[in-house]
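Coordinate inspection notes
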Amino acid sequence: TSFPPTDAGGATRPTLPPRRAAATALTMLEARERTNLHIVTYSRQLDSLFDGGVPLGEVTEICGVPGAGKTQLCLQLAVDVTIPAAFGGIDGDCLYIDTEGSFAVDRVLDMTEAVLCHLDRVAHSRGPPELRAAQIEALNALASPESLLKRIHYCRVHNCAELVAIITTLDEVVSTYTRVKLVVVDSVAFHFRQDFADMRERARLLSNVAQGLNTAAAKLGLAVVATNQMTTKVQQNAQGLGTTRSARANGFSDGKASESYLAPALGESWSHAVTSRVIVERGDRTFVPKEKRRRAAPAGAGAGSEGRLSFKSRRCNLSDSVSDNLVEDAEDREAPSVPAEATARVQVRTASLVKSPYRRPGTVEFAITASGVRDCQ
């Protein structure tokens, strides 16, 4: 019979948990190299901010004012995570947690059809025969936009309690939907900015959300993307010697006793919980995208007479058109461009990586076209 350890006075000492072996820096580096996977955004400039796309195993925060493009970027990632491995994709599912009710299924359908058209062109345009055969097989397995839409699992949460509940049980959700590789929370700030009178309770629940997202990213190997709103902050300086370094980093100069500036919401504690932070903004420049007009595909699904993927668009008044800057094949060069007067101008947007332990800060331009997130032209 074993007895709990006691001290000299006979009092029972607490039993320590078993000692865990410490990992070495080399072991961590090798593990990171083996699992260095990314989800492309269909914008080379955006992907370059993350060295190849939004990474798995990290929490990426996207901040911006209303209309900056946060939700559009999340919808594009939800579609892109389903790209088959034969095309260099993750071949996973997405869990989309919507707190604002901004999930637009029509836009998801547009992006899905554009991605399928792009994959079809890639599979029939270039590459070794073995690779093209594998790509055509993977493409035929998808068959239609519906097969991709089934892999985006949507969850609408109406209050903070529901948000905390689903995030703290992500391991159970992933055990049910085993192919989930991306978790989107759009947005994490919505309920926390209006549901609380007790700020201590708010801080505690926000900490639970941050811990749950980081645990899901690290232990389950998921890409976690959370959008955040912006708030106005006022920086005061009684001596009138200028703003602090924090305000100057947001673009304000010295020389005034007080300045107001936009900053991500939820405070400093939340900012420490995210791995990378990207701020998206609307730019002043516009351009006409080089959309390629394609003939409407015949009805039905599956491979066409020449092995090409064919499907009938569920968008009753839209033809299948793709704004694609990732691959330009012979069919793209031969396709007639849509006249400039028939195409709406697209606003240029900027994305700034302001925080990341692995990558250099930088700013790039991108656009949101009818087909989704693309490079500026």
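Remarks on the overall build of the protein chain
When helices and strands are tallied, the protein chain shows 12 helices and 15 strands. Classification of the 377 residues of the protein chain by burial places 47% in the buried group. Sequence separation of at least 24 residues holds for 74% of the intrachain contacts in the protein chain that already meet a minimum separation of 6. Of the accessible surface of the protein chain, which amounts to about 19,700 Å², a share of 52% is contributed by carbon and sulfur atoms.

Observations regarding the pattern of salt bridges
Per the counting criterion, the structure on display carries 10 salt bridges. A salt bridge links R151 to D91; the shortest N-O distance between them is 3.1 Å. Taken together, the positions of R151 in the loop between α6 (145–149) and β5 (152–156) and D91 in the loop between α3 (70–80) and β4 (93–98) put the pair 60 residues apart, joining distant regions of the chain. The shortest N-O distance in the salt bridge between E365 and R285 comes to 2.7 Å. Separated by 80 residues along the polypeptide, E365 in strand β14 (residues 362–369) and R285 in strand β10 (residues 276–287) bring together distant segments of the chain. Given a relative accessible area of 35%, E365 falls into the partly exposed group. One connected set of salt bridges, linked through shared partners, spans D91, D93, R151 and R179.

Quick look at the confidence of the model for the protein chain
Overall, the predicted model of the protein chain reaches an average pLDDT of 80, with 74% of residues at or above 70. Segment residues 292–305 is flagged for pLDDT under 50; beyond a separation of four residues in sequence, or across chains, it makes 34 contacts in the model. This model gives residues 316–342 a pLDDT under 50, and the stretch forms 62 contacts once residues within four places in sequence are excluded.

Remarks on helix α4 (residues 105–123)
Its 19 residues place the ends of α4 27 Å apart at the C-alpha level, agreeing with the 27 Å of an ideal helix rising 1.5 Å per residue. Where burial is concerned, most of α4 is hidden: 17 out of the 19 residues are buried.

Some thoughts on the packing of aromatic side chains
For the coordinates displayed, the defined rule picks out two aromatic pairs. Centre to centre, the rings of Y96 and F103 are 4.9 Å apart; their planes meet at 65°, and the pair counts as edge-to-face. Ring geometry for F103 and Y154: centres 4.7 Å apart, planes at 40°, overall tilted. One end of the pair, F103, is in the loop between β4 and α4; the other, Y154, is in strand β5, with 51 residues separating them in the sequence. Each member of the aromatic cluster is reached from another via a ring pair, and the members are Y96, F103 and Y154.

Observations concerning helix α9 (residues 199–219)
When the terminal C-alpha atoms of α9 are compared, their 30 Å separation across 21 residues agrees well with the 30 Å that a helix rising 1.5 Å per residue should span. Those residues of α9 that fall on the buried side of the exposure criterion are R202, L205, L206, V209, A210, G212, L213, A216 and A217. The buried residues of α9 all sit within an arc of 160° when viewed along its axis, so they share a single face. Projecting away from the buried face of α9 at angles above 90 degrees are the exposed residues R200, Q211, A218 and K219.

Here's the deal with the pairing of β14
Of the strand pairs in this sheet, strand β13 (residues 346–355) and β14 are connected by six bridges, and their pairing is antiparallel. Along β14, the bridge assignment pairs S352 with T363. Hairpin connection, β13 to β14: the antiparallel pair is bridged by six residues. Pairing analysis gives three bridges linking β14 to strand β15 (residues 372–374), with the strands arranged antiparallel. Note that in β15 the partner of A367 across the bridge is R374.

Observations regarding the sheet that holds β4
Taken together, the nine strands give an open sheet; going across it, the order is β5-β4-β6-β7-β3-β10-β13-β14-β15, and neighbouring strands pair in mixed fashion. The open sheet is flanked by β5 and β15, the only strands paired with a single partner. For this sheet, the mean inter-axis angle between neighbouring strands, taken without regard to orientation, is 25°. Relative to strand β7 (residues 223–228), strand β6 (residues 180–186) runs parallel, the two sharing four bridges. Bridging from a neighbouring strand, L182 pairs with A223 of β7.

Some thoughts on the pairing of strand β3 (residues 59–63)
Across the five residues of β3, five count as buried, placing the element largely inside the fold. Alternating residues of β3 divide into V59, E61 and C63 and T60 and I62, and every residue in both groups is buried. Bridge count for β3 against β7 is five bridges, and the pairing is parallel. Bridging across to β7, C63 finds its partner in N228. In terms of strand pairing, β3 meets β10 through four bridges, oriented parallel. Bridge pairing links E61 to R277 in β10.

What to know about the nonpolar core
By size, the foremost hydrophobic cluster in this structure holds 45 residues, and its most contacted members are I39, L46, F87, L182, V225 and A351. For F87, the contacting residues outside a window of four places in its chain are L119, V122, A123, Q135, A138 and L139.

Side note on the side chain of T112
Relative to the helices and strands, T112 resides in helix α4. Owing to a relative accessible area of 0%, T112 belongs among the buried residues under this scheme. With residues up to four places along the chain from it excluded, the contact list for T112 reads V79, P145, L148 and L149.

Definitions and limits used
- Residues numbered from 1 in each chain as written.
- Predicted model: local features only at pLDDT ≥ 70, side-chain atom pairs only at ≥ 80, totals over all residues.
- Heavy atoms only, no water.
- Helix = DSSP H or I, 4+ residues; strand = E, 2+ residues; numbered from the N terminus.
- Buried < 20%, exposed > 50% of the residue type's maximum accessible area, 1.4 Å probe, protein only.
- Contact = heavy atoms within 4.5 Å.
- Areas by Shrake-Rupley, 256 points an atom, 1.4 Å probe, with all protein chains shown as cover.
- Salt bridge = Lys/Arg side-chain N within 4 Å of Asp/Glu carboxyl O.
- pLDDT = per-residue confidence, 0-100.
- Expected span 1.5 Å × (residues − 1).
- Phe/Tyr/Trp six-rings, centres within 6.5 Å; stacked < 30°, edge-to-face > 60°.
- Arc of directions from axis to C-beta.
- Pairing = 2+ DSSP bridges.
- Axes fitted to C-alpha atoms, helices over the stretch in contact; angles between N-to-C directions.
- Core = buried A, V, L, I, M, F, W, Y, C linked by side-chain atoms within 4.5 Å.

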